[in-house]
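Secondary and tertiary structure notes
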Amino acid sequence: MDIYWLTCLLLLCVVEVFNKPTYKNERVHFDPELSRDPHEDNQSYRYDHEAFLGKEEATTFDQLTPEESKERLGKIVDRIDGDKDGYVTTDELKSWINRVQKRYIYENVAKVWTDYDLNKDNKISWDEYKKATYGYYLANPEEFQDATDQFSFKKMLPRDERRFKTADLDGDTAASWEEFTVFLHPEEFDHMKDIVVLETLEDIDKNGDGHVDEEEYIADMFAHEVEGPEPDWVKTEREQFADFRDTNKDGKMDKEEIRHWILPQDYDHAQAEARHLVYESDLNKDQLLTKEEILENWNMFVGSQATNYGEDLTKNHDEL
């Protein structure tokens, strides 16, 4: 692979990382009560994998034997049981899931920090980020003239700059560790919610009218690559758009409706996942999980946020 295409590939990967909140699987949220609906086994495991992080999240539990998975999961259960009473409650699961998510965020920042702190001053300036991410594009803009709209570096550069400036609370044009964390994961911070909504609108609003109509909403999830009837799930999404997304019934979503869609205030990811895990694994229906009940349903847990989608099963006990 020549240096041009290698650079393009690396840049696309960076663009993907820094626009995490605007991908489809980040925008789709399930109502908490969906966790209580009956699922077939395969569908249930897929739900745990995809409901919050989507298909892109790699899981590693399938590299272990069932015996190894259960042994490692058992050690994690001991840590989830905070009061050491032999039972895991919904609140304990929720607390653990939140902890796992925070650890994932900070580990993600740690992995890329040195790539952007070029002068090693423990800050990442906008110029450093721009050079590391867009340096080749800025030096060779003519090579990107035919880039598709989806991967237009000309559009992504000002978009990243806008996000960077919003995350830079002290206005010194350099991101501290905390500010860079905000930049990479804006969906986790209240003062960045407007940026998340705006980026989502810009991604989906193909006709540029400042709204998302039904066809744009569907196109974000489903591409008509072949002729034929739409899948049933697409029909369901059209009903969702009409019944729940377009709250003022004008045929399109404005920014506030988009905000309600992608950042619902009455939805707690960790709570919903915790309830789902308890509901599916609580054999005696006492609203408490024993280690035995969890290990009996180990497949579901190693594909959930409780184990960082299986990743924690490959870590040493001291790393958790």
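The written sequence of each chain sets the order in which its residues are numbered from 1. For this predicted model, a pLDDT threshold of at least 70 governs which residues receive local features, and a threshold of 80 or more governs which side-chain atom pairs are given and counted, while totals over whole chains, interfaces and linings are taken from all residues. Excluded from the side-chain calculation are hydrogens and water; included are all heavy atoms of the structure.

Taking an unreviewed UniProt entry as the reference, the protein chain is identified by name as Reticulocalbin-1-like isoform X1 belonging to Acipenser oxyrinchus oxyrinchus. UniProt positions are given in the numbering used here, feature names are shortened, and annotations may be inferred rather than shown by experiment. Under the heading Subcellular location (unreviewed entry), UniProt records this for the protein chain: "Endoplasmic reticulum". For the protein chain, the Sequence similarities (unreviewed entry) comment in UniProt is given as "Belongs to the CREC family."

With that settled, consider the overall build of the protein chain. Each helix corresponds to a stretch of at least 4 residues labelled H or I by DSSP, and each strand to a stretch of at least 2 residues labelled E; elements are numbered beginning at the N terminus. Helices and strands together make up the secondary structure of the protein chain, namely 15 helices and four strands. For the protein chain, buried positions account for 45% of its 320 residues. We call two residues in contact whenever any of their non-hydrogen atoms come within 4.5 Å of each other. Residue pairs in contact within the protein chain that sit at least 24 positions apart in sequence constitute 65% of those at least 6 positions apart. Accessibility here uses a 1.4 Å probe with only protein chains present; expressed as a share of the type maximum, an area under 20% marks a residue as buried, one over 50% as exposed, and anything in between as partly exposed.

What follows deals with the pattern of salt bridges. The term salt bridge refers to a side-chain nitrogen of Lys or Arg lying within 4 Å of a carboxyl oxygen of Asp or Glu. Summed over the entire model, instances satisfying the criterion amount to 17 salt bridges. Beyond isolated ion pairs, a larger network of salt bridges with shared partners links Arg-159, Arg-162, Arg-163, Glu-199, Glu-202 and Asp-203.

This next bit is on the packing of aromatic side chains. Only rings of Phe, Tyr and Trp enter the pairing, Trp through its six-membered ring, and a pair is recorded when the two centres are within 6.5 Å. The plane angle decides the type: under 30 degrees is stacked, over 60 is edge-to-face, the rest tilted. The full count for this structure, using the stated rule, is 16 aromatic pairs. A centroid spacing of 5.5 Å and a plane angle of 35° characterise the contact between Tyr-116 and Tyr-129, whose relative ring orientation is tilted. One end of the pair, Tyr-116, is in helix 5 (residues 90–116); the other, Tyr-129, is in helix 6 (residues 126–139), and 13 residues separate them in sequence. Side by side, Tyr-116 and Tyr-129 carry an identical accessibility label, which is buried. Plain terms: the ring middles of Tyr-137 and Phe-153 are 5.9 Å apart, the flat faces sit at 40° to each other, and that makes the pair tilted. Highlighted residues: Tyr-137 in helix 6 and Phe-153 in helix 7 (residues 153–167), separated in sequence by 16 residues. Residue classification places Tyr-137 among the buried residues on the basis of a relative accessible area of 12%. The buried category is assigned to Phe-153, whose relative accessible area is 5%. Between Lys-285 and the ring centre of Tyr-279, over which it is positioned, the NZ or CZ distance is 5.1 Å. Note on geometry: a ring has a charge over it if NZ (lysine) or CZ (arginine) is within 6 Å of the ring centre and within 35 degrees of the ring normal.

Attention now moves to unusual backbone geometry. Phi is mostly negative for residues that are not glycine, and the peptide bonds are mostly trans. The phi dihedral of Lys-249 is positive, around 60°, even though this residue is not glycine. Examined against the element boundaries, Lys-249 turns out to sit in the loop between helix 11 (232–245) and strand 4 (252–253). Backbone geometry places Lys-285, a non-glycine residue, at a positive phi of 55°. The exposure class of Lys-285 is exposed, given its relative accessible area of 53%.

Turning our eyes to something else, we now look at the packing of helix 7 against helix 8 (residues 177–184). The contact between helix 7 and helix 8 brings their axes to 9 Å, and the two run at 135°. Relative to helix 8, the element helix 7 is oriented oblique. Between helix 7 and helix 8 lies a crossing of right-handed hand. Along the contact surface, helix 7 presents Asp-160, Arg-163, Phe-164 and Ala-167, while helix 8 presents Glu-179, Val-182, Phe-183 and Leu-184. All residues other than Ala, Val, Leu, Ile, Met, Phe, Trp, Tyr, Cys, Pro, Asp, Glu, Lys and Arg, Gly among them, are scored as polar; the first ten of these are nonpolar and the last four charged. For the contact of helix 7 with helix 8, the per-class residue count stands at five nonpolar, no polar and three charged. Every axis in this analysis is a line fitted to C-alpha atoms, fitted for helices over the stretch in contact. Angles between the N-to-C directions lie between 0 and 180 degrees. Note on angle classes: values under 35 degrees are labelled roughly parallel, values over 145 roughly antiparallel, values of 65 to 115 roughly perpendicular, and the remainder oblique. A crossing counts as left-handed when the near helix is turned anticlockwise from the far one by less than a right angle, and as right-handed when that turn is clockwise.

Quick look at the nonpolar core now. By size, the foremost hydrophobic cluster in this structure holds 22 residues, and its most contacted members are Tyr-129, Tyr-134, Phe-180 and Phe-183. Of all elements in the fold, only helix 5, helix 6, helix 7 and helix 8 reach the threshold of two or more residues within this core. When residues in this core are grouped by element, the largest group, five residues, is from helix 7. By nonpolar core is meant a set of buried Ala, Val, Leu, Ile, Met, Phe, Trp, Tyr and Cys residues that side-chain atoms within 4.5 Å join together. Formed by 19 residues, the second largest nonpolar core is a distinct cluster that contains Leu-73, Ile-97, Leu-277 and Val-278.

Okay, the packing of helix 5 against helix 8 next. Following both chains from N to C, one finds helix 5 and helix 8 inclined at 110°, their axes separated by 10 Å at the closest point. As the angle between them shows, helix 5 and helix 8 are arranged roughly perpendicular. Contact residues: Ile-105, Tyr-106, Asn-108, Val-109, Ala-110, Val-112, Trp-113 and Tyr-116 in helix 5; Trp-177, Phe-180, Thr-181 and Leu-184 in helix 8. Here the residues of the contact of helix 5 with helix 8 sort into 10 nonpolar, two polar and no charged.

Turning our attention to the UniProt feature "domain: EF-hand" (unreviewed entry) in the protein chain. The sites that carry the UniProt feature "domain: EF-hand" (unreviewed entry) are, in the present numbering, residues 68–103, 104–139 and 192–227. Counted over residues 68–103, helix gives 75% and strand 0%. Its end C-alpha atoms are 23 Å apart. End C-alpha to end C-alpha, residues 104–139 measures 34 Å, and it is 75% helix and 6% strand.

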